[in-house]
Amino acid sequence: MKHIAAIDIGSNASRLLIKETESMSGRYVPQVRNELDYFVRTPLRLGLDVYTERVISPEKERQLAETLLQYRQIMDRYHTAAYRACATASLRDALNGAEVARRVSLQSGVCVEIISGREEAALSRMSYFAQYPDDDESYRLFADVGGGSTDVCLCHHREELFVHSFQIGSMRMMSGRQDEAELRLLDETLRRLSEQYAPIQVIGSGGSIHKICELYFMPELPETVAVSSIQQLYDELQPLSIEERMQRYHLKRDRAEIIVAAAGIFLRMARLVHATTLRAPRIGVRDGLIASML
């Protein structure tokens, strides 16, 4: 029995996904999990350091090393044949990110790669195309909103028409360190794309949009949420304290802290491309890593 594993080290959380591969017949569908798979999410919140102090603190580095050591032990128990461990915006943007990645790799036995925003976006796309047909003429704007970056790619069928990683994220917003010039660049870029290409369907990914879709999914359109529902959630949660958000929507603390900022970013993008709905299938970096290894 063969297992492969993906580790996604994000700005808000790290995730380990171990997949049993023999039952998949070479095709990976993220929603399909069996009793031989394993998944765990660890809310490390590395971005709290990076987007305030611009470095990973010794305490966060220690927590990351301990988490990866635990992941290594779990992978060993599953006799994992292959894995990739990728860090995204938090280590990419930290002044000491490369040094931290090297040290935690040595301490944990898990080789950590810091990937570019372009590869981050490509991995999310790969997990989408691994499971959904590409048989209509819509332009698809893949938008992955994380704690530190918003990675967008406009595709027609599988052809890349535009791809860019913006330094815009929910943890940057939460910490008050979001660069307004980067927001203006996002606005100008999406306005230009919407004038040139239409209609544009937004494919959202990231933990926050998946949670929003769970709360406000459209029964007639699976994995789809109306932009008006995202606005409703934003309006309800924005004035509330973190504790009130947790109680009202049964959110974990780290999700309650960033979900409003993430909703605001998705609302901004949807309106710029004149989208009234947003699809939020279960795709992401970890799923793209599994699909790429297959």
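In case you missed it, the structure is sitting above this.
Source: prediction; values computed, not measured.

A. Broad picture of empty space enclosed by the protein. The tally for this structure, following the rule as stated, stands at one cavity of 30 Å³ or more. One number sums up the size of the largest cavity: a volume of about 40 Å³. If you go around the largest cavity, the residues you meet are Ala 121, Ser 124, Phe 142, Ala 143, Asp 144, Asp 151, Ile 203 and Ser 205. Secondary structure elements with two or more residues in the lining of the largest cavity: helix H5 (117-129), strand E6 (139-145) and strand E9 (200-205).

B. How the structure looks around the pattern of salt bridges. Under the criterion given, the structure shown has 19 salt bridges. For the salt bridge of Arg 282 with Glu 214, the shortest nitrogen-to-oxygen distance reads 2.6 Å. Here the residue Arg 282 occupies a position in the loop between strand E12 (277-279) and helix H12 (285-293), and Glu 214 occupies one in helix H8 (residues 207-216), the gap between them amounting to 68 residues. Arg 282 sits in the partly exposed class, given a relative accessible area of 32%. Across the pair Glu 223 and Arg 279 runs a salt bridge, and its minimum N-O distance is 3.3 Å. Here the residue Glu 223 occupies a position in strand E11 (residues 221-226), and Arg 279 occupies one in strand E12, the gap between them amounting to 56 residues. Residue class for Arg 279 comes out buried when judged on its relative accessible area of 16%. The network of salt bridges with common partners includes Glu 59, Arg 62 and Glu 66.

C. Focus on the state of the cysteines. In total, this model carries zero disulfides according to the counting rule given. Not engaged in a disulfide, the cysteine Cys 86 finds its nearest cysteine sulfur in Cys 111; these two sulfurs lie 9.4 Å apart.

D. Summary view of the layout of surface pockets. The volume enclosed by the largest pocket comes to roughly 660 Å³. Lining the largest pocket are 37 residues, and of these Arg 15, Arg 41, Gly 206, Gly 207 and Arg 255 sit closest to its centre. At the level of elements, strand E3 (38-42), E6, H8, helix H11 (253-272) and H12 are the ones that each hand at least two residues to the lining of the largest pocket. At five residues, H8 tops the list of elements feeding residues into the lining of the largest pocket. Grouping the constituent residues of the lining of the largest pocket by class yields nine nonpolar, 16 polar and 12 charged. One number sums up the size of the second largest pocket: a volume of about 160 Å³. Tallying contributions element by element places helix H1 (residues 47-53) first for the lining of the second largest pocket, with three residues. Residue composition of the lining of the second largest pocket, by class: two nonpolar, two polar and four charged.

So, how was this worked out
Along each chain, numbering runs from 1 in the same order as the chain's sequence is written. Thresholds applied to this predicted model are a pLDDT of at least 70 for local features of residues and 80 or more for the giving and counting of side-chain atom pairs; totals over whole chains, interfaces and linings are not thresholded and use all residues. To get the side-chain values, all heavy atoms of the structure are used, and hydrogens and water are removed first. Detection works on a 1 Å grid of protein atoms alone, calling trapped sets that fit a 1.4 Å probe cavities and calling open sets with protein on both sides within 12 Å along at least five of seven lines pockets, with lining residues defined by an atom within 4 Å of a point. Grid points are joined across faces, edges and corners, and a volume is the space filled by probe spheres set on the points. By the criteria applied, helices consist of DSSP H or I runs no shorter than four residues and strands consist of E runs no shorter than two, each listed in order from the N terminus. By convention in these notes, a salt bridge is any Lys or Arg side-chain nitrogen within 4 Å of a carboxyl oxygen on Asp or Glu. The buried label applies to any residue whose accessible area, calculated with a 1.4 Å probe on protein chains only, is under 20% of its type's maximum; exposed applies above 50%, and partly exposed to all values in between. We call a pair of cysteine sulfur atoms a disulfide when they lie within 2.5 Å. Throughout, the ten residues Ala, Val, Leu, Ile, Met, Phe, Trp, Tyr, Cys and Pro are labelled nonpolar, Asp, Glu, Lys and Arg are labelled charged, and all others, Gly among them, are labelled polar.

Honestly, that's just the spatial picture; any functional story needs more than this.
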